Amino acid sequence: DSAYRCITAALNLLQALDINTALQYANKMEPNCPEPLLSTIGSIYAAKGNAEFAPFFEKNWDKVKGFGAFDFFGQYVQLVRIMPEMQMTLAIDNLKKIATDDQSPLKRFAVTNSLYRWKKEITKTADEESETDTNNSLLVDKLNQIIAHIISKESNNQLLNYYRNF
């Protein structure tokens, strides 16, 4: 555990100083990435801002545990946002499946929260710009429908209480 904390600290510092070098190390660690490092490597990939790193998240979302799911899925959504439309639709459908089917309430909430925050950011940006962007409007509608579907499928009372704030 302490070794992972040291590696995490080193990668975070490296990311702040030189994202390209951090990316090289992340790429080396990716094939056998242990669960404690998933969010750290995901953070480097999300910071790089290239949807080509999405498969890392897709291969590892079954491994992520506990509160690390919030960072992990938040980072994945950052990449989903820049995907081409067809790839984005598939990714959103996968997230919807996790948010409704996963055994971990924390993971379901982390995914739903990431989708909600994305929707909220799109809405805020549209309000600030005072422009109606048809694509953003359609995406907000789609995210609203997905979030409503997720909430309708949820049976955990604690999560339902959290979802009331959505």
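Visitor: Which residues make up the overall build of the protein, and what values go with them?
Guide: Along the protein, the regular secondary structure elements total 9 helices and 0 strands. Here the C-alpha atoms of the protein give a radius of gyration of 17 Å, agreeing with the 15 Å that 2.2 N^0.38 yields for 166 residues. Each of the three principal axes of the protein carries a C-alpha extent, and together these read 40 × 40 × 25 Å. Considering the protein as a whole, with its 166 residues, one finds that 38% of them fall into the buried category. Taking as baseline every contact in the protein between residues at least 6 positions apart, the subset at least 24 positions apart corresponds to 61%. Just so you have it, the protein exposes about 9600 Å², and 49% of that area is on carbon and sulfur atoms.

Visitor: Give me the packing of helix α2 (residues 19–29) against helix α3 (residues 38–48): which residues, what numbers.
Guide: In contact at an axis separation of 9 Å, α2 and α3 are set at 135 degrees when each is read in the N-to-C sense. With respect to α3, the element α2 is oriented oblique. In terms of crossing hand, the pair formed by α2 and α3 is left-handed. Contact residues: I19, N20, A22, L23, A26, N27 and M29 in α2; I41, I44, Y45, A47 and K48 in α3. Of the residues assigned to the contact of α2 with α3, the class counts are 9 nonpolar, 2 polar and 1 charged.

Visitor: How would you summarise helix α6 (residues 85–101) if you had to cite specific residues and measurements?
Guide: The first and last C-alpha atoms of α6 sit 24 Å apart over 17 residues, in line with the 24 Å expected at 1.5 Å per residue. Three or more residues of α6 are buried, namely M88, A91, I92, L95, I98 and A99. Down the axis of α6, the sector holding all buried residues measures 115 degrees, keeping them to one side. Residues of α6 that are exposed and angled more than 90 degrees away from the buried face: M86, L90 and K97.

Visitor: Residues and numbers for the nonpolar core, please.
Guide: Counting residues in each nonpolar core, the largest one holds 46 residues, and the members touching the most others are F73, Y76, V80, L115 and W118. Setting aside chain neighbours within four positions, we find L115 in contact with L95, L143, I146, I147 and I150.

Visitor: So what about the pattern of salt bridges? Which residues, and what values?
Guide: Any two side chains of opposite charge can pair, so long as their charged atoms come close to each other. Inspection of the entire model under this criterion finds 5 salt bridges. Between D102 and K107 there is a salt bridge, and its shortest N-O distance comes to 3.8 Å. For the pair shown, D102 and K107 are each scored as buried. The partner of R108 in a salt bridge is E154, and the shortest N-O contact between them spans 2.8 Å.

Visitor: Can you tell me about the layout of surface pockets, naming the residues and giving the values?
Guide: Taken as a whole, the largest pocket encloses approximately 380 Å³ of empty space. Elements with a contribution of two residues or more to the lining of the largest pocket: α6, α7 (105–129) and α8 (134–153). A per-element tally of the lining of the largest pocket places α8 first, with 5 residues. Across the lining of the largest pocket, the residue classes break down as 6 nonpolar, 4 polar and 4 charged. In this structure, the second largest pocket is lined by F70, D71, G74, Q75, V77, Q78, R81, S114, R117, W118 and E121. Secondary-structure elements contributing two or more residues to the lining of the second largest pocket are α5 (68–80) and α7. Of the residues contributing to the lining of the second largest pocket, the split by class is 3 nonpolar, 4 polar and 4 charged.

Visitor: Could you give an account of the packing of aromatic side chains, naming the residues involved and the relevant values?
Guide: Inspection of every chain in the model, using the stated rule, returns 16 aromatic pairs. Measuring from centroid to centroid gives 5.3 Å for F56 and F57, while their planes differ by 80 degrees, and the two rings are edge-to-face. Each member of the pair, F56 as well as F57, carries the same accessibility label: buried. Where Y163 meets F166, the ring centres are 5.3 Å apart and the plane angle is 50 degrees; that geometry is what we call tilted. Judged by its relative accessible area of 4%, Y163 is buried. By relative accessible area, F166 is classed as partly exposed at 24%. Three or more aromatic residues joined by ring pairs form one cluster here, namely Y45, F53, F56, F57, W61, F72, F73 and Y76. Sitting over the ring of Y25, K28 keeps its end group 5.2 Å from the ring centre.

Parameters at a glance
- Residues numbered from 1 in each chain as written.
- Predicted model: local features only at pLDDT ≥ 70, side-chain atom pairs only at ≥ 80, totals over all residues.
- Heavy atoms only, no water.
- Helix = DSSP H or I, 4+ residues; strand = E, 2+ residues; numbered from the N terminus.
- Rg over C-alpha atoms; globule rule 2.2 N^0.38 Å.
- Buried < 20%, exposed > 50% of the residue type's maximum accessible area, 1.4 Å probe, protein only.
- Contact = heavy atoms within 4.5 Å.
- Areas by Shrake-Rupley, 256 points an atom, 1.4 Å probe, with all protein chains shown as cover.
- Axes fitted to C-alpha atoms, helices over the stretch in contact; angles between N-to-C directions.
- Parallel < 35°, antiparallel > 145°, perpendicular 65-115°, else oblique.
- Left-handed = near helix turned anticlockwise from the far one by under 90°.
- Nonpolar A, V, L, I, M, F, W, Y, C, P; charged D, E, K, R; others polar.
- Expected span 1.5 Å × (residues − 1).
- Arc of directions from axis to C-beta.
- Core = buried A, V, L, I, M, F, W, Y, C linked by side-chain atoms within 4.5 Å.
- Salt bridge = Lys/Arg side-chain N within 4 Å of Asp/Glu carboxyl O.
- 1 Å grid on protein atoms, 1.4 Å probe; cavity = no way out; pocket = protein on both sides within 12 Å on 5 of 7 lines; lining within 4 Å.
- Points joined across faces, edges and corners; volume = space filled by probe spheres on them.
- Phe/Tyr/Trp six-rings, centres within 6.5 Å; stacked < 30°, edge-to-face > 60°.
- Lys NZ or Arg CZ within 6 Å of the ring centre and 35° of its normal.

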